[in-house]
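Reading the structure
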Amino acid sequence: MRKILVVEDEPVLRETYELILSTQPFTVHTAENGEVALEKCSQNEYDMILLDLMMPIVNGVDFLKRFMPDAPDQTRVIIMSNLSAGAELDAAMQLGAIQSVLKASLGPKDLIALVRYDLGTM
Amino acid sequence: MILSLSKSLTTLQQSHNKALVELENYKLLVDSIEDYAIFLLDPNGIVMSWNKGAERNKGYKSSEIIGKHFSIFYTQQDVDAQKPQKELEIAQRIGRIEDEDWRVRKNGSRFWANVIITALRNPSGELVGFAKVTRNLTDRKRQEDELRKANMQLRKQQQELQRLNDSKNEFISLASHQLRTPATITKQLLGVLLAGYSDKLTPAQTTFIQKAQSSNERQIFIVNSLLEVAQLDAGKVVLHKTMADLKKMVSDVIDEQSEIIHRRKQTVSLRAAANVPKVAIDTKYFRMAIENIIDNASKYTHESGTIKVSIKLVAGVVVIGITDNGVGIAAADIDSLFKKFNRIPNELSEHVSGSGLGLYWVRKVIELHGGTITVKSRPHRGTTFTISVPVES
């Protein structure tokens, strides 16, 4: 089964994303910031990481800087942020994220469609 | 012989009288001038004559000043620096000297003066004295100083305004990002409820949640609009231009909106000329602008109304016309149409959701492309928006 890591500091959002994605045939893990995400990545190989950018302790861009150099080939990173522009977003795309999505534009069905489409299980 | 002598004497007398009259006239000329101090100095700088202008400018009566050294008119600093003598030396050497500086009156007060000292030489070239002409420029200087101060003030105000504008844009961006988070959370939770992840909903519950969802979408829309406008205002929007087929773009936008348009029982048609070339535009932004206008056309038109879209090439400019037969806009409201937060109340506007930012944003985007957007309208008859974009930017 595909493994997805949801990295999001906002607790309600994190739990809701987990709830939504769990209705699908995925194993869903969560992390509340970049540091926890790095820990989880050292113990698991994920097919997809949904990554928020603005987080405490270790933010999205710093996570990518540390994770991407040795990332498994199959891991695809999608930026989920409410930033529509800016240096952080540019940096994240430069570091190897596949695409960026505006959180505020995704409802539950959209989120599922996004993940399933990208993982090729549509 | 006595006759010729007396004739010579008479001629001499006549010349003498003529000279006297001339002299009197010159004295009158110089003396009467009130605006300029015009007076003579001897070769050492002693004041030899005086006029009304001098009395007015410097305060001394002629009896008080004739025989005194002209350095009395200079400030103490200038006297200590030997400026009076230096000026005479230069005038003597070069012929004249002009200076603008402070001078001192009889009562000790200062005035800003323009001073010209001219060396006077007799026919043999000997220095016989100096002519001094002084003009009081205090008023002019004061005006210049005030202008300079006003200028600096204006520049400071301008900088402050720029700073405030930047501040405002930053604040709007920050607030909008912050507002997106709770709006996103609400969106997810409402979506989860409606999708049945929790218990099955009653019809009433479903209706309530749908209304909440609609409101939440509106929140998100407004926040997005605010952010887009703030970015535009801050000059942060960078267009990424590619050659685009505008006919296809407009056609795609119409297709996307056709469901809603048909639900309103409206018809939409597109007439595109064959010779419209590709244009260099930022497809993302330009598309949003077109969507906005067509969306407006539909929203502000009654059911069964018609929307006509045309695209043609006129003298190197692609002209897109969007015409509806809807509620129209009153002439008085047209001026403020493209302003921020402007929403014109009309019979349909209560049912229309919007932030009032759309047309402001649309115009800015079109203008960034080097184009224009204009509007013509008649209340109750309809409205035409015309977007023109040059093929060559």
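Report follows, based on the coordinates. Keep in mind that this is a model prediction, so the values were computed, not measured.

1. Remarks on the interface of chain B and chain A
Chain B puts 15 residues into the contact, and the matching count from chain A is 20 residues. Buried area between chain B and chain A, both sides added, is near 1,500 Å², and the carbon and sulfur share of it is 65%. On the chain B side of the interface with chain A, the three residues burying the most area are R180(B), Q188(B) and Y197(B), jointly 38% of the side's total. Summed over the shared surface of chain B and chain A, the number is 0 salt bridges. Seen at the junction of chain B and chain A, the total is 4 residue pairs in polar contact (both at pLDDT 80 or more).

2. Some points on the packing of aromatic side chains
All names here are of chain B. Per the stated rule, a full pass over the model turns up 9 aromatic pairs over all chains. A ring pair is formed by F338 and F385, whose centres lie 6.4 Å apart and whose planes are at 90°; its orientation type is edge-to-face. Of the two residues, F338 sits in the loop between helix 10 (331–334) and helix 11 (358–368) while F385 sits in strand 11 (residues 382–390), which places them 47 residues apart along the sequence. For the pair formed by F338 and F385, the shared burial category is buried. Each residue in the set F39, W50, Y60 and F73 is aromatic and connected to the rest through ring pairs, giving one cluster.

3. A short note on the pairing of strand 10 (residues 372–378) of chain B
Two faces make up the sheet, and in a regular strand the side chains alternate between them. Residues and elements named next belong to chain B. Because side chains alternate across strand 10, one face comprises the buried residues I373, V375 and S377, and the other comprises T372, T374, K376 and R378, none of which is buried. One ladder, built from 7 bridges, connects strand 10 with strand 11; its direction is antiparallel. In the strand pairing of strand 11, T374 is matched with T386. Two successive antiparallel strands, strand 10 and strand 11, enclose a turn made up of 3 residues, where H380 displays a positive phi of approximately 70°.

4. Details of the pattern of salt bridges
Side chains that differ in sign of charge can pair as their charged atoms come close. Residue and element names in this part refer to chain B. According to the stated counting rule, one finds 26 salt bridges over all chains in the structure shown. Where D233 meets K168, a salt bridge forms, and the shortest distance between an N and an O atom there is 3.3 Å. Of this pair, D233 sits in helix 7 (residues 203–233) while K168 is found in helix 6 (residues 138–194), placing the two residues 65 residues apart along the sequence. Its salt-bridge partner being D295, residue K299 comes within 3.1 Å of it at the nearest N-O pair. Highlighted residues: K299 and D295, both in helix 9 (residues 283–299), separated by 4 residues, approximately one helical turn. Under the relative-accessibility criterion, D295 is labelled partly exposed at 25%. Shared partners join several salt bridges into a network, and the residues in it are K83, E87, D99, D101 and R103.

The rules behind the values
Residues numbered from 1 in each chain as written. Chains lettered and ligands numbered in written order. Predicted model: local features only at pLDDT ≥ 70, side-chain atom pairs only at ≥ 80, totals over all residues. Heavy atoms only, no water. Contact = heavy atoms within 4.5 Å. Buried area = accessible area lost by both parts, 1.4 Å probe. Salt bridge = Lys/Arg side-chain N within 4 Å of Asp/Glu carboxyl O. Polar contact = N/O pair within 3.5 Å; in protein donor to acceptor, adjacent residues only side chain to side chain. Phe/Tyr/Trp six-rings, centres within 6.5 Å; stacked < 30°, edge-to-face > 60°. Helix = DSSP H or I, 4+ residues; strand = E, 2+ residues; numbered from the N terminus. Buried < 20%, exposed > 50% of the residue type's maximum accessible area, 1.4 Å probe, protein only. Pairing = 2+ DSSP bridges.

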